Amino acid sequence: KIQLDNVDFDKKLDGSVNDMLETIDGQCRTDNAESCTFLGEFYSETQKDLGDDDRRFKAITYLKKACDLKNADGCYDLGIIYYELFVKSHSKSDLVASNDFLRAANEYFPSMRNSSMYSRTSSILNYFDATPTGLRKVSKKHQTSSHQSR
């Protein structure tokens, strides 16, 4: 399990928000999966707004703990973070992590959302394994077309 010791809350946040985050962190430390998921989602969303890698790390840490506690939403959100990283990096390790967490989400709570994303990452992973240079070719082609459209 992930240890959440020495979590450094954001000094820029309003004191009442920081107090709330500390309270919810305490609940997460007692293995309350919903609290861990909430904190992971909070840091994930604020990271998107601010582009802050420390917040992404916090999001991943909390969501990993939620997923370890078999919380489907935590696993799904973590799978989406790694999927977004894969889209940017084209790194197989990001895709594998995404696929693993989305599979767990689907196992813990089968739903159309969880099943659909798991199927998507599985298909991409199969393609990635079948044609290791295929993604690089697609990304170069995409980059060329996106530069031309500007």
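Residues numbered from 1 in each chain as written. Predicted model: local features only at pLDDT ≥ 70, side-chain atom pairs only at ≥ 80, totals over all residues. Heavy atoms only, no water.

Asker: Would you mind going over the packing of helix 4 (residues 72-89) against helix 6 (residues 112-130) with me for this structure?
Answerer: Helix packing for two helices is described by the angle between their axes and how far apart those axes are. At a closest axis distance of 11 Å, the pairing of helix 4 and helix 6 adopts a crossing angle of 35°. Helix 6 is crossed by helix 4, and the crossing has left-handed handedness. Contacts between helix 4 and helix 6 involve Ala 72, Asp 73, Tyr 76, Ile 80, Tyr 83 and Phe 86 from the first element and Arg 113, Asn 114, Met 117, Arg 120, Thr 121, Ile 124 and Phe 128 from the second. Tallied by class, the residues present in the contact of helix 4 with helix 6 amount to eight nonpolar, two polar and three charged. (Axes fitted to C-alpha atoms, helices over the stretch in contact; angles between N-to-C directions. Helix = DSSP H or I, 4+ residues; strand = E, 2+ residues; numbered from the N terminus. Left-handed = near helix turned anticlockwise from the far one by under 90°. Contact = heavy atoms within 4.5 Å. Nonpolar A, V, L, I, M, F, W, Y, C, P; charged D, E, K, R; others polar.)

Asker: Before we go on, may I ask you to explain the environment of Leu 85 in this structure?
Answerer: Within the secondary structure layout, Leu 85 lies in helix 4. Between the C-alpha atoms of Leu 85 and Ser 98, which are 13 residues apart in sequence, the distance is 9.0 Å.

Asker: Hey, could you run me through the state of the cysteines in this one?
Answerer: Two cysteines whose sulfur atoms are joined by a covalent bond form what is called a disulfide. If you walk through the whole model with that rule in mind, you get two disulfides. Across a sulfur-sulfur distance of 2.0 Å, Cys 28 and Cys 36 are joined as a disulfide pair. Classification of the bridge connecting Cys 28 and Cys 36 rests on its S-S torsion, roughly 105°, and on that basis the disulfide is right-handed. Relative accessible area serves as the criterion here: at 0%, Cys 28 is assigned to the buried category. Judged by relative accessible area, Cys 36 falls into the buried class, the value being 0%. Sequence-ordered numbering of the bonded cysteines in the protein gives a pairing of 1-2, 3-4. (Disulfide = S-S within 2.5 Å. Buried < 20%, exposed > 50% of the residue type's maximum accessible area, 1.4 Å probe, protein only.)

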